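# Remarks on the overall topology
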Amino acid sequence: MSGPATMARAGAALALAWLLPTVTYLLGIAVVVPVVVLVGTAGLLRGGRTLLDRLVLALAVLLGATCGGALLFAVWPFGMHPVAVGGLALTVLVLVAVLTGRRPTLPRPDLSDLLTLGAAVAVAAFAALPLLRRSRTDRLAVVLAGEDLSRHLSLYDGIRDLGGYAFQKWDAAHALMYGGMVTYPQGQHMLAGLLDGFVRSSGDDLGSGLSAMDHYLGSHVLGYGLFALVMVWAAQWVAAGVLTPLRRIVLTGVVTTMVVVGDLVGNLVLNYTTTVLGLAEMALLVAVLARGVAGTRQQLVTIACLVVAVGFTYYLFLPAALLAVLAWLVVHRRRVLRHRVATAVTVVVAAPVALLPVTLGLFLAGQAQALLRGGELRPSRDHLIALGAAVTGAVLFTRCRRARIWRTYLAVLAAAGLLGAALLAYQAAAEGGNGYYANKALHLVLVVLLVGLGALLHLLPSPRRGPDPRRAWLQALAPGLAAALVVSGAFGLVRGDAPYRPTNGTTWPKIWWFAQRRNDVDARAIDRLLAMPAPPADVAVIVYDVDPFRAYFQTLFLGTFQRRSGRIAHGLYLGPPVDEPDRLGHQLRELPGPVEIVVASDDAEAHARQTVARYPDRRVEVVRLPS
């Protein structure tokens, strides 16, 4: 094609890149733009046998590119406005097409795509239906079962309000949220907030606090469905060489089942939104490292984007990701050395960006102290060991060991295992046990093992060859290994201390499906509190109750929904324990500006007024919550 013709097409494409976001924004359907960006990215990539393969690879690139590119939003004048972000994204795609000379092409969909999508939709339905079939008060009761979501919601809401990462707008961010969240990894919150602008077709409509909760819960549910999609796709991607239609169905069924009924569903129940996305990104990284994509440059870019995404989303997994990438570089050193310049440029660009959140967290916020935190999740050691023995045994003692795909996979598994072992050892040395983050690392090991579950298919006859009598003993092991996995899983279900039974007599799936983990008392109270006239934005609102923990929860969530988290943070998080008798007095001493104390009983009102009387110089109003 001639130069003028190429320039004319490029100019038309650039005009369309800005026209599409503008028109869809004005029509209230800006949510179309992210879909176009995903499809456009997939069209410019190469590799993948089916349409879903290409879309998932495009997703891997976009996750990291968006997390890193979002650093721009805080410094340019447009913030996260859908037209500006959509126009920029489509402009980048046009420029990439012009510079590389690639025309957008997509492979055809396949029946295997429908199988994978069906599994993901089923998991998303499992995640969504318990919330959709309940009232907003009931959803609030589920949210109030733990306090973590309040802080994540305030960070997500704050990023939308700020129009960029919180750590880039330091002073303004502290006015909106608890200071500890300003340096928290914000990739998931940024992605959710950015997509919310397209869903609302608005750059400044944040909705009410309860509306923000519903939208953030929606991102959590869809995120778990995306996690299922990635897990099923990654397992098939790595095991593609030995898959037949029947084996594909079985592999999909096993992985999907583990995502719904195994240890991993605890992340859905406990609203660990960042963990879910971080695990999905690591599953993508495992698949891309093990099997790879078309072209070394595209492989390097995809790996770099996923490492950046992990660094911004859940940097606890970053050491395992970096070790895994190092292992890939060693295994594929000849391929890499043929592209020294591309490799060097990728590392120089991606490394500082990926390390930025962990640098802020460890050196500015001192988040390393949180490694000793306790938690509720405790993966089944029995099932983890059985699954690990089965997968590693299949890799080491079958034809897998001669395949570069599986050698690379084993190196990635070792990287994840080293992270888990290091955190378990640190926990044991520090306090004689294991805790929250060590178990999160074990969840990562479980994810890597499930992605490599296809190694067990190598115990069966090759789909391209007849039975091999020399390997008859290996093929005879397949039913035994499958039985061992089933038995270990059943053993974990029966044992009272297994994670399948996080509390006596129930399981994680039951807790989610039947909303067994809920806080109805505080949910009804929050409903009544939100029905009261809200004071001016500069007023710190404190809920006081004779039950100090109830007062803490209600103050925390009311502040989140009224967007006063930053206003009350100093009095809420710092100072004496929650059950300190004079905690209300501490709050009145520490909180600057006017304060409103909301009480619901005579005893609480009497105590609150006695405390207020000790501070006559403070502007404090005691308000009775209507019955």
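The model shown is predicted, which means the values in this text are computed figures rather than measured ones.

### Some words on the packing of aromatic side chains
One pass over the full model with this rule turns up 16 aromatic pairs. Between Tyr224 and Phe227, the ring centres sit 5.6 Å apart and the planes meet at 50 degrees, which makes this aromatic pair tilted. Placement of the pair is Tyr224 and Phe227 together in helix 10 (residues 209-238), with a separation of three residues, close to one helical turn. Relative to Phe317, the ring of Tyr314 has its centre 4.9 Å away and its plane inclined at 55 degrees; by these criteria the two rings are tilted. On the basis of relative accessible area, Phe317 is assigned to the buried category, the value being 0%. Here the guanidinium or amino end of Arg133 rests over the ring plane of Trp513, the centre of that ring lying 4.4 Å away.

### A word on a nonpolar patch on the surface
Nonpolar side chains collect at one region of the surface, where Leu16, Leu19, Val23, Leu27, Ile29, Val31, Val32, Val36 and Val199 lie side by side and expose about 740 Å² of accessible area between them. For the nonpolar patch, the elements supplying multiple residues, two or more each, are helix 1 (3-27) and helix 2 (32-44). If one sorts the elements of the nonpolar patch by residue count, helix 1 sits on top with four residues. The residue Val32 is located in helix 2 in this model.

### Observations concerning the side chain of Glu596
With respect to the helices and strands, the residue Glu596 is situated in strand 2 (residues 595-599). Put simply, Glu596 is tucked away with no salt bridge, and the nearest opposite charge, on Arg564, sits 7.0 Å away. Non-local contacts of Glu596, meaning those with residues more than four positions away in its chain, are made with Pro535, Val539, Ala540, Val541, Ile542, Glu621 and Val623.

### Brief notes about the pattern of salt bridges
For the structure on display, the rule yields 16 salt bridges. Across the salt bridge formed by Asp196 and Arg200, the nearest N and O atoms sit 2.7 Å from each other. Here Asp196 pairs with Arg200, and both are found in helix 9 (residues 187-200), just four residues apart, close to one helical turn. The class for Arg200 is buried, based on a relative accessible area of 17%. Across the salt bridge formed by Arg614 and Asp582, the nearest N and O atoms sit 3.1 Å from each other. Of the two residues, Arg614 sits in the loop between helix 27 (602-613) and strand 3 (620-624) while Asp582 sits in the loop between helix 25 (565-573) and helix 26 (583-590), which places them 32 residues apart along the sequence. Overlapping salt bridges bring together Asp157, Arg160, Asp196, Arg200 and Arg563 as one network.

### Re the packing of helix 3 (residues 51-69) against helix 13 (residues 273-291)
Running from N to C, helix 3 and helix 13 point in directions that differ by 120 degrees, and their axes come no closer than 11 Å. Put simply, helix 3 runs oblique to helix 13. The two elements helix 3 and helix 13 meet at a crossing, and its hand is left-handed. In contact with Val56, Leu57, Ala60 and Leu63 of helix 3, helix 13 contributes Leu277, Glu281, Leu284 and Val288.

About the thresholds
- Per chain, the residues get numbers from 1 upward, laid out in the order the sequence is written.
- Reporting of local features is limited, given that this is a predicted model, to residues whose pLDDT is at least 70; pairs of side-chain atoms are given and counted only at 80 or more, and all residues count toward the totals for whole chains, interfaces and linings.
- With hydrogens and water set aside, each side-chain value is computed from the structure's full complement of heavy atoms.
- When the centres of two rings from Phe, Tyr and Trp lie within 6.5 Å, Trp using its six-membered ring, the rings pair. Their planes under 30 degrees apart give stacked, over 60 give edge-to-face, and anything left gives tilted.
- Helix and strand assignments follow DSSP, with helices taken as H or I runs no shorter than four residues and strands as E runs no shorter than two, numbered in order from the N terminus.
- Accessibility here uses a 1.4 Å probe with only protein chains present; expressed as a share of the type maximum, an area under 20% marks a residue as buried, one over 50% as exposed, and anything in between as partly exposed.
- We call a charge positioned over a ring when the NZ of a Lys or the CZ of an Arg lies within 6 Å of the ring centre and within 35 degrees of the ring normal.
- Patches were defined on residues exceeding 30% relative accessible area and lacking a salt bridge, with like-charge contacts within 9 Å and nonpolar side-chain contacts (Val, Leu, Ile, Met, Phe, Trp, Tyr) within 5 Å.
- Computed with a 1.4 Å probe, the accessible areas rest on the Shrake-Rupley method; for each residue, only the protein chains presented here act as cover.
- A carboxyl oxygen of Asp or Glu within 4 Å of a side-chain nitrogen of Lys or Arg is what we treat as a salt bridge.
- Here the positive residues are Lys and Arg and the negative ones are Asp and Glu; neither His nor the chain ends is included.
- Whether two residues touch is decided by their heavy atoms; if any such pair falls within 4.5 Å, the residues are in contact.
- Where helices are involved, their axes are fitted lines through C-alpha atoms of the stretch in contact, as for all axes, and angles between N-to-C directions lie from 0 to 180°.
- Orientation labels follow simple angle bins: below 35 degrees gives roughly parallel, above 145 gives roughly antiparallel, 65 to 115 gives roughly perpendicular, and whatever is left gives oblique.
- With the far helix as reference, a near helix turned anticlockwise by less than a right angle produces a left-handed crossing, and one turned clockwise produces a right-handed crossing.

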